[in-house]
Amino acid sequence: MQQYTNDNRIVTTLDAGGTNFVFSAMQANRPVVESFALPSNADNLDLSLANIVAGFRRVQGQLPAPPVAISFAFPAPADYFNGIIVSPGNLPAYRDVALGPMLEDRFGLPTFINNDGDLFAYGEASAGFLPYVNGLLEMAGSPKRYRNLFGVTLGTGFGGGIVRDGALFVGDNSMAGEIWLARHKLERDTNAEEGASIRAVRRVYAAEAGLRFEDAPEPKVIYEIAEGHAAGNRAAAQKAFRRMGEVAGDAIAQAITLLDGLVVIGGGIAAAHRQFLPAIVDEMNGTYQAPSGERFPRLAQRAFNLEDPRQLEAFLKGETKELTVPGSSRKVKFDGLQRTGVGISRLGTSEATAIGAYAFALSNLDERT
């Protein structure tokens with residue numbers, strides 16, 4: 001897929017949250033101005049829209065050259081293709097608001113809006129995890145290359161994004177990759193986000209440690225407890241992350257059954273991957289039972305933890321052999337190991353999302369020319 005590391009075009013960006021709107025601009029996959037925040041005024045549409053316009057005008061006044069587009073993440077649900085914000089929970093003033101068309105009218109620039117999970121995945125596909133893994137495969141002499149990526153964010157929620165053959169897959173209703181609505185493996189009447197998020201880790205730790213949920217520490221502290229670097233119930237901390245990994249791994253396995261690509265994980269909990277990534281991969285490599293009682297793998301491909309040096313080595317090695325083309329002396333390389341790799345963001349979630357917004361805008365502009 002196209003990379004924009006040396007592209008001089010500038011795109012203005014926005015990180016839209018329920019409390020603040022953070023404005024910036026990207027050029028050649030790097031911020032070109034210092035970011036700043038304005039209040040989101042989540043309950044007042046007029047004030048909120050005024051701050052969005054003021055923020056983008058302020059960014060433009062600091063740029064070394066005119067921008068070619070506006071591109072940013074805004075909370076769902078939305079009709080992202082048409083730039084319509086439908087009803088985000090943390091921005092209640094936005095109910096069927098034509099935000100994209102408004103910005104196009106005000107600034108005379110193409111405007112692209114997406115989900116943060118989508119842009120995270122697109123950033124990692126453009127300049128992060130996907131080229132990183134393909135680069136390792138090339139250095140290892142492997143003929144294997146990947147073109148598809150499923151991006152997952154573990155934090156306040158459980159988000160997802162799909163990149164297929166270098167293109168962001170948004171879906172007909174701007175709802176592709178909504179992994180948070182997968183079924184919770186261990187609580188069948190609950191969605192997966194309740195087992196794969198910040199509150200899920202805190203909830204399990206509290207239950208195992210005999211605490212009220214309100215008294216449970218944040219996952220960063222629970223991770224330190226699990227690693228033995230902070231006081232607390234270590235067994236409870238390890239179980240909290242292991243259970244999150246099991247629930248997330250089950251949902252990711254369902255997705256990869258359909259998507260067949262690499263998996264990259266970001267979000268606020270990603271730094272604790274030593275405690276949950278093995279459980280994700282173990283779940284993906286689990287088995288089903290046939291009526292005969294025979295067990296068989298739940299995935300057609302084998303999953304590897306690419307943060308584990310031994311598993312990474314086996315992933316890169318594959319099962320490469322040379323085959324002779326029938327009726328010819330010509331030989332071709334073939335890697336017979338069907339596999340997927342799961343690893344952590346190479347860019348960081350915020351940077352990946354910003355690069356994703358930048359790359360998405362430029363790729364769409366290039367398609368128009």
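In what follows, the structure referred to is the one given above.
**Student:** Talk me through the sheet that holds strand β6 (residues 78–79); I want residue IDs and the actual numbers.
**Tutor:** With antiparallel pairing, three strands are arranged side by side in an open sheet as β6-β7-β8. The sheet is open, and its two borders are formed by β6 and β8 (97–98), each paired with just one other strand. Of the pairings in the sheet, the one linking β6 to strand β7 (residues 84–85) comprises two bridges and is antiparallel in character. What sits directly across from Ala 78, in β7, is Ile 85.

**Student:** So, the nonpolar core: which residues are in play, and what are the values?
**Tutor:** In this structure, Leu 154, Phe 158, Phe 241, Ile 265, Phe 276 and Met 284 are the most contacted members of the largest nonpolar core, which totals 42 residues. At the level of secondary structure, the elements contributing two or more residues to this core comprise β10 (149–154), β11 (158–164), α5 (198–209), α6 (219–226), α7 (234–259), β13 (262–266), α8 (273–284) and β19 (339–344). Discounting residues that sit within four places of it in the chain, Phe 241 has contacts with Val 201, Pro 219, Ile 222, Tyr 223, Ala 226, Ile 269, Ala 272, Gln 275 and Phe 276. Formed by 39 residues, the second largest nonpolar core is a distinct cluster that contains Tyr 122, Ala 125, Val 264 and Ala 361.

**Student:** An account of the pairing of strand β18 (residues 331–335) is needed here, citing residue identities and associated values.
**Tutor:** Looking down a regular strand, the side chains alternate between one sheet face and the other. Here strand β17 (residues 320–324) runs beside β18; their pairing, made up of five bridges, is antiparallel. In the strand pairing of β18, Leu 323 is matched with Val 332. The turn linking β17 back onto β18 is made up of six residues, and Gly 327 within it adopts a positive phi angle of 75 degrees.

**Student:** I'd like to hear about the packing of α5 against α6, residue by residue, with values.
**Tutor:** One way to put it is that α5 packs onto α6 with a least axis distance of 10 Å and a crossing angle of 50 degrees. Regarding the angle of α5 to α6, the classification is oblique. In this structure, the crossing between α5 and α6 has a hand that is left-handed. Along its contact with α5, which presents Ile 198, Val 201, Arg 202 and Tyr 205, the element α6 presents Pro 219, Ile 222 and Ile 225. Here the contact of α5 with α6 is composed, by residue class, of six nonpolar, no polar and one charged.

**Student:** Can you break down the packing of aromatic side chains residue by residue, with the values?
**Tutor:** Inspection of the entire model under this criterion finds 15 aromatic pairs. Centroid distance Phe 112 to Phe 360: 5.9 Å. Interplanar angle 85 degrees. Geometry classified as edge-to-face. With Phe 112 in strand β9 (residues 111–114) and Phe 360 in helix α10 (residues 349–368), this pair connects stretches of sequence that are 248 residues apart. Between Tyr 146 and Phe 315 the ring centres are 5.9 Å apart and the planes differ by 20 degrees, which places this aromatic pair in the stacked class.

**Student:** Give a detailed account of the pattern of salt bridges, specifying residues and quantitative values.
**Tutor:** Inspection of every chain in the model, using the stated rule, returns 18 salt bridges. A salt bridge links Arg 202 to Glu 218; the nearest nitrogen and oxygen atoms lie 3.8 Å apart. Placement of the pair is Arg 202 in helix α5 and Glu 218 in the loop between α5 and α6, with a sequence separation of 16 residues. Given the relative accessible area of 13%, Arg 202 is considered buried. With a closest N to O distance of 2.8 Å, Arg 339 and Asp 335 form a salt bridge. Note on Arg 339: relative accessible area 2%, which makes it buried. It is possible to trace a salt-bridge network through shared partners that takes in Lys 185, Glu 246, Asp 250, Glu 283 and Arg 298.

Reading guide: rules and limits
Residues numbered from 1 in each chain as written. Predicted model: local features only at pLDDT ≥ 70, side-chain atom pairs only at ≥ 80, totals over all residues. Heavy atoms only, no water. Pairing = 2+ DSSP bridges. Helix = DSSP H or I, 4+ residues; strand = E, 2+ residues; numbered from the N terminus. Core = buried A, V, L, I, M, F, W, Y, C linked by side-chain atoms within 4.5 Å. Buried < 20%, exposed > 50% of the residue type's maximum accessible area, 1.4 Å probe, protein only. Contact = heavy atoms within 4.5 Å. Axes fitted to C-alpha atoms, helices over the stretch in contact; angles between N-to-C directions. Parallel < 35°, antiparallel > 145°, perpendicular 65-115°, else oblique. Left-handed = near helix turned anticlockwise from the far one by under 90°. Nonpolar A, V, L, I, M, F, W, Y, C, P; charged D, E, K, R; others polar. Phe/Tyr/Trp six-rings, centres within 6.5 Å; stacked < 30°, edge-to-face > 60°. Salt bridge = Lys/Arg side-chain N within 4 Å of Asp/Glu carboxyl O.

These figures come from the coordinates and say nothing about function on their own.
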